[in-house]
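Reading the structure
Residues per chain, in single letters:
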Amino acid sequence: MTAGSITPASDGNTKVLSVGEHTEGEATILAALLSTEPLPMEAMRIAVVGAGYWGPNLIRNFRTSPLTDLRWVVDLERDRAQAAIPAQTDIRITDSLAEMLADETVEAVAVATPPGTHQDIVFECIAAGKHILVEKPLASTVSEGRAIVEAAEAAGITIMADHTFCYTESVRRIRDIIASGEIGDFLYFDSVRINLGLIQSEVDVFWDLAPHDLSILDFIVPEGVRIETVAAQASDPLGVGHACVGYLFAGLSNGGTAHAHLNWLSPTKIRRVIIGGSRKMLVWDDLHPAQRVTIYDSGIELTSDPSERARLLVSYRVGDMLAPAFREVEALRRVVDEFAMSVREGRPPLTDGRAGLRVLEVLEAVGTSLGSDGARVPVSLPVPE
Ligand SMILES: NC(=O)c1ccc[n+]([C@@H]2O[C@H](COP(=O)([O-])OP(=O)(O)OC[C@H]3O[C@@H](n4cnc5c(N)ncnc54)[C@H](O)[C@@H]3O)[C@@H](O)[C@H]2O)c1
């Protein structure tokens, strides 16, 4: 064993954890491995369903996390499953969901198939008693998403939505900064997510890109704040039959607003969110690795001039800018670790099925607004806990 790696191989499932590449949770495991104590948790035996574009990313992380033990890859196209795993491995492949589900040693399943297939696959997993990680969006309609959440809760199954961006270091920091009260009241969220994107045939630009902004917003807003109303405008300049350029406006329950500009037809790629607080403001530029998050101690203060009641005195405050340094870990690695730990600890994951459902509720309201010429429409209330 080298000083920089640990290889516990008692059950034939070799895991290598390099020192200096661990998250906080993994640090506990690392410490346990270095001592004579047993591992704090047994690796969770998992299967991945869907090995198209995104599935192989999950497969890679399930293979390398010490918290998970990848046993199966399922794809209707066996060749894709085969291509996603190493040539020499004991990971099994199949095109039959039922064959994998019949393996009682499998504890959990990650679903990375197109959204329209999620409900059927999840229902079969629930019937087989497996915990489930579902790719975003949770389902293709609110009623499917609600059925998934209710069935999982009734069966005592952990259900997690893969809202990957919520597990980036940037979004975690932003969430902590907002929760600490540093920026003051949460006033607005303004996102630009545009590039020359793949024109999807099944879904419009809102269903493709807005789940990222909506899941991030859901994750970072102060406790109790939710989207109450939505209004959306869109255009289809290429005539593909659905929106390629979209603008989403949301009214928040604290009186704040959120806005997302989503565009598959932009010559430049921008991934930037501005968050306004009553005391400070934040800019998150995801394409600027050296300075992804910047906190501005800047703002505008209004005071009334008592002698002229209608006149507002505006004072501008331009203070320090701070770009916190942080070590980044692949977000998807945190997703798979959070899934395993939430199952082992018997608690809801940070982005549970209800978080997935809240995103669907907003997306469905966007469709209603587009069908009503951009009218402001209410977002349905969450399912009572
Ligand atoms: N978290 C993220 O950032 C992120 C990024 C991209 C895609 N996704 C999500 O991942 C999911 C998959 O997207 P993709 O782009 O990989 O799709 P894809 O079409 O590239 O791959 C889907 C795979 O699922 C297989 N499949 C379909 N139905 C199946 C079934 N019933 N049983 C077994 N296999 C089946 C297909 O053969 C295909 O190989 C979607 O929900 C998508 O929104 C998430």
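Refer to the structure printed above.
Residues numbered from 1 in each chain as written. Predicted model: local features only at pLDDT ≥ 70, side-chain atom pairs only at ≥ 80, totals over all residues.

1. Concerning the overall build of the protein chain
To be explicit about the condition: Only runs of H or I of at least four residues qualify as helices and only runs of E of at least two qualify as strands under DSSP, and these elements are numbered from the N terminus. Here the C-beta atoms are placed from the backbone, and a residue counts as buried if at least 20 other C-beta atoms lie within 10 Å of its own, exposed if 12 or fewer do, and partly exposed otherwise. This entry defines residue contacts through backbone-placed C-beta atoms, with two residues in contact when those atoms are within 7 Å.
Within the protein chain, the secondary structure is distributed over 10 helices and 17 strands. Here the protein chain, with 385 residues, has 41% of them falling under the buried criterion. In the protein chain, the proportion of contacts linking residues at least 24 apart, taken out of those at least 6 apart, comes to 65%.

2. Details of the sheet that holds strand S5 (residues 92–94)
As a reminder of what qualifies: Two strands qualify as a pair provided that DSSP identifies no fewer than 2 bridges between them. To define axes, lines are fitted to C-alpha atoms, for helices over the stretch in contact only, and angles between the resulting N-to-C directions are given on a 0 to 180 degree scale.
Strand order in the open sheet formed by 6 strands is S5-S4-S3-S6-S7-S8, and the pairing between neighbours is parallel. What marks the edges here is a single partner per strand, and that holds for S5 and strand S8 (159–162). On average, adjacent strands in this sheet sit at an angle of 25 degrees to one another, irrespective of strand direction. Here 3 bridges tie strand S4 (residues 68–74) to S5, and the two strands are oriented parallel to one another. Among the inter-strand pairings, Trp72 is bridged to a residue of S5, identified as Arg92.

3. Here's the deal with the site of the ligand
Here is the rule we go by: Defining nearness, a residue is near a molecule or strand when the C-beta atom obtained from its backbone falls within 6 Å of it. Ten residues, namely Ala, Val, Leu, Ile, Met, Phe, Trp, Tyr, Cys and Pro, are considered nonpolar, four, namely Asp, Glu, Lys and Arg, are considered charged, and the remaining ones, Gly among them, are considered polar.
Taken together, 23 residues surround the ligand, and among them Gly50, Gly52, Tyr53, Trp54 and Glu135 come closest. Of all the elements, helix H5 (residues 115–127) adds the most residues to the shell around the ligand, at 3 residues. Of the residues contributing to the shell around the ligand, the split by class is 11 nonpolar, 6 polar and 6 charged.

4. So, the nonpolar core
Soluble globular proteins: nonpolar side chains tend toward being buried together. So the rule is basically this: For the purposes of this analysis, a nonpolar core is taken to be any set of buried Ala, Val, Leu, Ile, Met, Phe, Trp, Tyr and Cys residues that are connected through C-beta atoms within 7 Å. How far each domain reaches was decided by an automatic or database domain assignment.
In this structure, Val48, Val111, Ile132, Phe206 and Val362 are the most contacted members of the largest nonpolar core, which totals 99 residues. Counting contributing residues, this core receives three or more from each of domain 1 (5–165 + 332–352) and domain 2 (167–327 + 360–378). Once residues lying within four places of it in the same chain are set aside, the contact partners of Ile132 are Ala108, Val109, Val111, Val122, Cys125, Ala152, Ile157 and Ile159.

5. Topic: helix H8 (residues 205–220)
For clarity, the threshold we go by: A helix is expected to span 1.5 Å multiplied by its residue count minus one. Axes are fitted to the seven residues ending at a residue and to the seven starting at it; the angle between these axes is taken as the bend at that residue.
Given a rise of 1.5 Å per residue, 16 residues ought to cover 22 Å, and the 23 Å separating the end C-alpha atoms of H8 matches this to within 8%. Of all the bends in H8, the largest measures some 40 degrees and sits at Pro211. Counting buried residues in H8 gives 15 out of 16 residues, a clear majority hidden from the surface.

6. Here we look at the pairing of strand S11 (residues 245–252)
By the alternation rule, side chains of S11 split into Gly246, Leu248, Ala250 and Leu252, which are all buried, and Val245, Tyr247, Phe249 and Gly251, of which none is buried. Where strand S10 (residues 227–235) meets S11, 8 bridges bridge the pair, whose relative direction is antiparallel. The residue of S11 that forms the bridge with Thr229 is Gly251. Both S11 and strand S12 (residues 257–263) contribute to a ladder of 7 bridges, which runs antiparallel. Across the sheet, the residue bridging to Phe249 is His259, located in S12. In this structure, the hairpin formed by S11 and S12 is closed by a connection of 4 residues, where Gly255 is found at a positive phi of approximately 95 degrees.

7. What about unusual backbone geometry?
Looking along the chain, the bond that leaves Lys136 and enters Pro137 is cis, with omega of -15 degrees. Tracing the sequence through the fold places Pro137 in the loop between strand S7 (131–135) and helix H6 (142–155). Of note in the backbone geometry, Asp373 takes a positive phi value of approximately 60 degrees without being a glycine. Judged by the 8 C-beta atoms lying within 10 Å of it, Asp373 falls in the exposed class.

8. Examining helix H9 (residues 331–345)
The terminal C-alpha atoms of H9 lie 21 Å apart, and with 15 residues this matches the ideal 21 Å at 1.5 Å per residue to within 8%. Taken as a whole, H9 has its buried residues at Arg333, Arg334, Val335, Val336, Asp337, Glu338, Phe339, Ala340, Ser342 and Val343.

9. Overview of the packing of H6 against helix H10 (residues 353–371)
Our working definition: With respect to orientation, any angle under 35 degrees is reported as roughly parallel, any angle over 145 as roughly antiparallel, any angle of 65 to 115 as roughly perpendicular, and every other angle as oblique. Handedness of a crossing is defined here by the sense of rotation of the near helix relative to the far one, left-handed for an anticlockwise turn of less than a right angle and right-handed for a clockwise turn.
The contact between H6 and H10 brings their axes to 9 Å, and the two run at 165 degrees. The angle between H6 and H10 places the two elements in the roughly antiparallel class. Of the two elements, H6 crosses H10, and the hand of that crossing is left-handed. Contacts from Val142, Gly145, Arg146, Ile148, Val149 and Ala152 of H6 reach H10 at Gly353, Arg354, Gly356, Leu357, Leu360, Glu361 and Glu364. Partitioned by chemical class, the residues of the contact of H6 with H10 number 6 nonpolar, 3 polar and 4 charged.

10. Notes on the environment of Ala139
Following the sequence through the fold, Ala139 ends up in the loop between S7 and H6. Assessed through the 24 C-beta atoms surrounding it within 10 Å, Ala139 is described here as buried. In the structure, Ala139 is positioned 221 residues away from Leu360 in sequence and 7.5 Å away in space, judged by C-alpha atoms.

11. Quick notes on the packing of helix H2 (residues 55–64) against H9
Running from N to C, H2 and H9 point in directions that differ by 65 degrees, and their axes come no closer than 9 Å. The way H2 lies across H9 gives a crossing that is right-handed. Across the interface between the two elements, Asn57, Leu58, Asn61 and Phe62 from H2 touch Leu332, Arg333 and Val336 from H9. For the contact of H2 with H9, the residue count by class is 4 nonpolar, 2 polar and 1 charged.

12. Side note on the pairing of S7
We apply this condition: When the strands point away from the viewer and the path from the first strand over the helix to the second turns clockwise, the crossover is right-handed.
Summarising burial for S7: 5 of the 5 residues are buried, a large majority. Residues His131, Leu133 and Glu135 of S7 are buried on one face, and the alternating residues Ile132 and Val134, pointing to the opposite face, are buried as well. Bridge count for strand S6 (residues 108–111) against S7 is 4 bridges, and the pairing is parallel. Following the sheet pairing, Val111 is matched in S7 by Val134. Remark: the S6/H5/S7 crossover connection has right-handed handedness.

What is shown is where atoms sit, not what they do.
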